[in-house]
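Architecture and fold: a report
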Amino acid sequence: MFLINTCCINKYHENMIRHFIKFSLRALQRQGSYVAINVLGLAIGMACTLIIALFIVHELSYDQYHEHKDRIYRIGLHGIFSGQEVRAAYTASPLGEALVNDVPEVESFLRMNAWDEIIVQVEDQFFVEQDFFEADSTFFDFFSIALLSGCPQSALTEPLSLVLSEDVAHRLFGDEDPMDQMIRVGSQGTSYRVTGVMENIPENTHFHAGMISSFTSNPRSSDNQWLSNSFFTYVKMHPEADLRVMDDRFTEIIVKYIGPEVRRYMGIDIDEFVAAGNRYNYFLQPLTGIHLDPSVEHQLNSNDPRYLWIFGAIGLLILIIASINFMNLSTAQATKRTKEVGMKKVIGSSRGMLIGQFITETVILSLIALVLAILIIELTLPLVNDLLSLQLSMQYFRTWYIIPGMLLLVLIVGLFAGSYPAFYLSAFNPGTVLKGKNGSGKQNIALRRALTIMQFAISIVLISGSVIMYRQLDFMLQKDLGFDKENLLVIRQAHAIGNQVDAFKTEVQGIPGVISVSASTAVPGRSNNNNGYMIRGRDDESFLMQTNWVDYDYLETYGIQLADGRFFDPELLTDREAFILNQSAVNNYRLDPFTTRIVNPLDLENSYPVIGVVQDYHFESLRQDIGPAVLRYKNEDINWGYISIRFEPGMIRRVVEETEQLWATFTSNNPMLYFFLDEDFNRFYREEEQNARLSVVFTLLAIIIASMGLYGLTAFSLQQRIREIGIRKTFGASISNIWYIICKDVMVLVGIATIVSWPLVYWIAGNWLQNYQYRISMQPSDFLLGFVLAVIIALSTISYRVIRTASMNPSISLRYE
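**Points about the overall build of the chain**
A tally of helices and strands in the chain yields 23 helices and 25 strands. When the 817 residues of the chain are sorted by exposure, 51% land in the buried category. A fraction of 80% describes how many contacts in the chain between residues 6 or more apart in sequence connect residues 24 or more apart. In the structure as shown, the chain presents an accessible area of about 37,300 Å², 56% of it carried by carbon and sulfur atoms.

**Quick word on a negative patch on the surface**
Residues Glu-123, Asp-124, Glu-176 and Asp-177 make up a contiguous surface patch of negative charge. As for its placement among the helices and strands, Asp-124 is situated in the loop between strand S5 (118–122) and strand S6 (125–129). Look at Asp-124 and you get exposed, because its relative accessible area is 64%.

**Let's talk about the side chain of Gln-546**
Secondary-structure assignment places Gln-546 in strand S18 (residues 543–550). Residues contacting Gln-546, with those up to four places away along its chain left out, are Ser-527, Asn-528, Asn-529, Asn-530, Phe-619, Glu-620, Pro-628, Ala-629 and Val-630.

**A look at empty space enclosed by the protein**
The final tally for this structure, using the stated rule, is 4 cavities of 30 Å³ or more. For the largest cavity, the calculated volume is near 100 Å³. Forming the walls of the largest cavity are 15 residues, and the residues nearest its centre are Ala-522, Ser-527, Asn-548, Tyr-617 and Phe-619. Elements with a minimum of two residues in the lining of the largest cavity: S18 and strand S23 (629–633). When its volume is computed, the second largest cavity comes out at roughly 60 Å³. Lining the second largest cavity, in full, are Phe-456, Ser-459, Ile-463, Ile-703, Ala-706, Ser-707, Leu-710, Ala-790, Ile-793, Ala-794 and Thr-797. The set of elements that each furnish at least two residues to the lining of the second largest cavity consists of helix H13 (441–478), helix H19 (686–720) and helix H22 (780–806). For the lining of the second largest cavity, the residue count by class is 8 nonpolar, 3 polar and no charged.

**Details of the pairing of S23**
Within S23, 5 of the 5 residues are buried, leaving the element largely enclosed by the surrounding structure. Pairing of S18 with S23 involves 5 bridges; the strand directions are parallel. Opposite Gln-546, over in S23, you have Ala-629 as the bridge partner. Direction of pairing for strand S20 (residues 579–582) relative to S23: antiparallel, over a ladder of 3 bridges. Note that in S23 the partner of Ile-580 across the bridge is Leu-631.

**Notes on the packing of helix H21 (residues 735–769) against H22**
Contact geometry of H21 with H22 gives a least axis separation of 9 Å together with a crossing angle of 155°. Looking at the two axes, H21 sits roughly antiparallel to H22. As for the relative orientation of H21 and H22, their crossing is right-handed in sense.

**Brief notes about the confidence of the model for the chain**
Reading predicted coordinates in detail is not appropriate for stretches of low pLDDT. In the predicted model, the chain carries a mean pLDDT of 85, and 89% of its residues have values of at least 70. Scored below 50 in pLDDT, residues 1–9 makes 0 contacts in the model with residues more than four places away or belonging to other chains.

**Re the environment of Arg-646**
As for its position among the elements, Arg-646 is in strand S24 (residues 642–647). Taking the relative accessible area as the measure of exposure, Arg-646 reaches 8% and is therefore buried. With residues up to four places along the chain from it excluded, the contact list for Arg-646 reads Asp-484, Glu-486, Asn-487, Leu-488, Gly-513, Val-514, Ile-515, Ser-516, Glu-556, Thr-557 and Tyr-558. Separated by 2.8 Å, the side chain of Arg-646 and the backbone oxygen of Glu-486 make a polar contact.

**Details of unusual backbone geometry**
One can expect most non-glycine residues to show negative phi and most peptide bonds to be in trans. One non-glycine residue with positive phi stands out, namely Glu-123, at about 55°. Exposure remark for Glu-123: the relative accessible area of 71% places this residue in the exposed category. The phi dihedral of Arg-590 falls on the positive side, at around 55°, and the residue is not glycine. You can call Arg-590 exposed: its relative accessible area is 62%.

**Looking at helix H6 (residues 246–266)**
At Ile-258, H6 is bent by approximately 45°, the largest bend along its length, and proline Pro-260 sits one to four residues beyond. Restricting attention to buried positions, one finds in H6 the residues Met-246, Phe-250, Ile-253, Ile-254, Ile-258, Gly-259, Glu-261, Val-262, Tyr-265 and Met-266. Phi turns positive, to about 75°, at Gly-267, one or two residues after H6.

**Describing the nonpolar core**
Core analysis: the largest hydrophobic core is formed by 96 residues, its most contacted members being Met-46, Tyr-554, Tyr-558, Leu-631 and Phe-698. Val-86, Val-262, Ile-535 and Val-586 belong to the second largest nonpolar core, which has 45 residues in total.

**Notes on the pattern of salt bridges**
Per the stated rule, a full pass over the model turns up 26 salt bridges. We note a salt bridge from Asp-102 to Lys-256, for which the minimum N-O separation is 3.1 Å. Here Asp-102, found in helix H3 (residues 95–102), pairs with Lys-256, found in helix H6; they are 154 residues apart in sequence, far enough to count as distant.

**Observations regarding a nonpolar patch on the surface**
On the surface, a cluster of nonpolar side chains totalling about 560 Å² of accessible area is made up of Val-748, Ile-752, Val-756, Leu-760, Trp-763 and Ile-764. Mapped onto the fold, Val-756 is located in helix H21.

**Things to note about the packing of aromatic side chains**
Scanning the model with the defined rule gives 36 aromatic pairs in all. Residues Trp-115 and Phe-132 carry aromatic rings whose centres are separated by 4.6 Å and whose planes lie at 40° to one another, so their mutual orientation is tilted. Separated by 17 residues along the polypeptide, Trp-115 in the loop between strand S4 (106–114) and S5 and Phe-132 in strand S7 (residues 132–135) bring together distant segments of the chain. A ring pair is formed by Phe-504 and Phe-666, whose centres lie 5.3 Å apart and whose planes are at 85°; its orientation type is edge-to-face. A residue pair is termed long-range when its members are at least 10 positions apart, and Phe-504 in helix H14 (residues 501–509) and Phe-666 in helix H17 (residues 652–667) qualify at 162 residues. Assessed through its relative accessible area of 17%, Phe-666 is described here as buried. Lying over the aromatic face of Phe-675, Arg-526 brings its terminal NZ or CZ to 4.5 Å of the ring centre.

**A closer look at the side chain of Glu-541**
Locating Glu-541 in the fold gives a position in the loop between strand S17 (530–535) and S18. Residue classification places Glu-541 among the buried positions, given a relative accessible area of 17%. Polar side-chain contacts of Glu-541 include one of 3.0 Å to the side chain of Arg-538. For Glu-541, the contacting residues outside a window of four places in its chain are Ser-82, Met-266, Asn-278, Tyr-533 and Met-534.

**With respect to the packing of H3 against H6**
Two elements in contact, H3 and H6, have axes separated by 11 Å at closest approach and are oriented at 115°. You can see that H3 and H6 cross each other, and the crossing is right-handed. Where H3 abuts H6, its residues Leu-95, Ala-98, Leu-99 and Asp-102 lie against Phe-250, Ile-253, Lys-256 and Tyr-257. Along the lines of polarity and charge, the residues of the contact of H3 with H6 split into 6 nonpolar, no polar and 2 charged.

**A few points about the environment of Arg-597**
Tracing the sequence through the fold places Arg-597 in strand S21 (residues 597–600). Between the C-alpha atoms of Arg-597 and Pro-609, which are 12 residues apart in sequence, the distance is 5.0 Å. Once residues lying within four places of it in the same chain are set aside, the contact partners of Arg-597 are Met-534, Ile-535, Arg-536, Ser-607, Tyr-608 and Pro-609.

Each value, and the rule that gives it
- Residues numbered from 1 in each chain as written.
- Predicted model: local features only at pLDDT ≥ 70, side-chain atom pairs only at ≥ 80, totals over all residues.
- Heavy atoms only, no water.
- Helix = DSSP H or I, 4+ residues; strand = E, 2+ residues; numbered from the N terminus.
- Buried < 20%, exposed > 50% of the residue type's maximum accessible area, 1.4 Å probe, protein only.
- Contact = heavy atoms within 4.5 Å.
- Areas by Shrake-Rupley, 256 points an atom, 1.4 Å probe, with all protein chains shown as cover.
- Patch = residues over 30% accessible without salt bridge, like charges linked within 9 Å, V, L, I, M, F, W, Y side chains within 5 Å.
- Salt bridge = Lys/Arg side-chain N within 4 Å of Asp/Glu carboxyl O.
- Lys, Arg positive; Asp, Glu negative; His and termini not counted.
- Charge placed at Lys NZ, Arg CZ, Asp CG, Glu CD.
- 1 Å grid on protein atoms, 1.4 Å probe; cavity = no way out; pocket = protein on both sides within 12 Å on 5 of 7 lines; lining within 4 Å.
- Points joined across faces, edges and corners; volume = space filled by probe spheres on them.
- Nonpolar A, V, L, I, M, F, W, Y, C, P; charged D, E, K, R; others polar.
- Pairing = 2+ DSSP bridges.
- Axes fitted to C-alpha atoms, helices over the stretch in contact; angles between N-to-C directions.
- Parallel < 35°, antiparallel > 145°, perpendicular 65-115°, else oblique.
- Left-handed = near helix turned anticlockwise from the far one by under 90°.
- pLDDT = per-residue confidence, 0-100.
- Polar contact = N/O pair within 3.5 Å; in protein donor to acceptor, adjacent residues only side chain to side chain.
- Bend = angle between axes of the 7 residues up to and from the residue.
- Core = buried A, V, L, I, M, F, W, Y, C linked by side-chain atoms within 4.5 Å.
- Phe/Tyr/Trp six-rings, centres within 6.5 Å; stacked < 30°, edge-to-face > 60°.
- Lys NZ or Arg CZ within 6 Å of the ring centre and 35° of its normal.

Shown next, in the form of structure tokens:
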């Protein structure tokens, strides 16, 4: 008997499931053309959300693949010198060894040094290498990067050893074995021996290296200069290490090693140094947190995590807009399904079964939308990669969470978008609806209006936000920087011509189209010496200033203006020891410049005068305030840095070609590495530019989705009002009258959405702009533009359908239904 009952029950359930699926598919067919709008809207929304999620996961995955990632930290320097705060990734060469010797929690250390773009030579061929590093022999113990040839323990032990990435090895040697081959590196042609070939470093690593030489190749690898911070230092902690004691450990290191240096150069104890308001300390930066920590200066590769929140919110909002479309169109068509609901209730369907049916319909639609979303992703992902300079890929079966994540998205969208329509439709009274009545029509209309207002409010927030983002970007690109960055050709590696810089300048000056030529150790956007100085009479203070050694032609070449005093005079030999400050140094350090005597900590016996003050100019990104800076005279012994050439507009090609020819004669045919200053300076804002473009793209997609929903809703509304329109036309209403009546309702919704959205725009954009020291002020046009575009989009979306319906012959309209 039990077996019979079980068989009957199973057969009963099987029949119920079969009928349930059949009714669901029939219901989908009944929705007609609105299914296409729902599915396409959901597909676009899902595609946007998945691409944004892929981008966020990519950013969060940086350095996650390293075996010892949870034990590896980079040491950062946190200092305050006379009110100037520094939080940087550079540290002193001897720090790592001292930590291993003096701190029980530290197991091992690694130092790294990043070079600028360099020239390498293999036999008679020259190559330009972008990613050249120096690293200690512990490199492969810290980072999980496989060595394809060579020994990981010894590949970077000997001086002048070199490990190549797989791509670089192939580029330099083709199919030939690179092991033990000799490569000449740099303008001096120093010979390195290839001791290893490693796999290409994954893109989601906070540094990108194609060539790594042994750190012992650097002459400063064994120096004991604790106040010279030039290298990256990483430490691997013991598994049982208690990180809470590291602040105390760092204090001990500061007292033991930095204290004597402070006493030596400043004549005061470390306690006096700190009591004067200064600070000198180290901090631990987790390996997996480096990429998303832009607060630390001199990062190799970092992004602002705030953009992850911004784009995550945009993805969520787009998905909400797509889901609102579904809710609106589903509830709008409720009158078409009232009899179906009534009949099912009469024959015994419970409300729970109806809710299950309607949610199942939505989940099926979401699943179909997911398939379309995948197609959209495959078509658009290459464009997104070009936009962001990334290599995102949707590895459906290689990453375990991709498929479950997609199915979870389908379920979430199905439940969110289908829940209200399901509960709304299943609540109909069978007795009422079978008589052709629906008592909840007003509530249905009110909900649709509220959802439409939400769609428009989100769209206006995205439009206004994108406008403000682009205005800030344009402001940074166009702002007066205090110098003229246009028509400037900058040659890197001035040391390649040694002490012939003056002779080279003279030859370049004779090229037609060249206005002026200058040599310096730094150029705006590429500061490289943040040095500490002392001031006579304020011996307990240290004054941190960006230092640039320049020649007599620097101000003319860069168009920098003097605020007071004078510039270096070639007729006065004493000017070669003088200093020129910027206005920030004078103001921040409260200096009377022409009575100030500056002391170099390396030469405490002598002090030097200030002969001039230049107007402030931006030598760093507009994200930072202009800090104290000093110009010093560049004598013949300082032959490294840059050579800057100002040329007349329209002469760029000739100037570059003839300068390259001169460079070849001065360097025995070495390639000339150069850049144009305007392009190079704008690299600071590449992240803002990429994100602004991405924001515009997603805003347009959000508008498209919202417009699709509005179009479908308008079309359905017009179907319901065809007889009303026919009667109005019979009594003399024109097409424009009918257009006004229909569009007026939409404009009211847009107006309410605008009122809701403007405070949100003000709050969100205001907080975002606080990230910039130099920023725009929000204008009424930023808000009005969002409203105007929303109105134009709304009217453009519905006008065609309204005019087409209003143009129908009244006799046809009155016979409708």
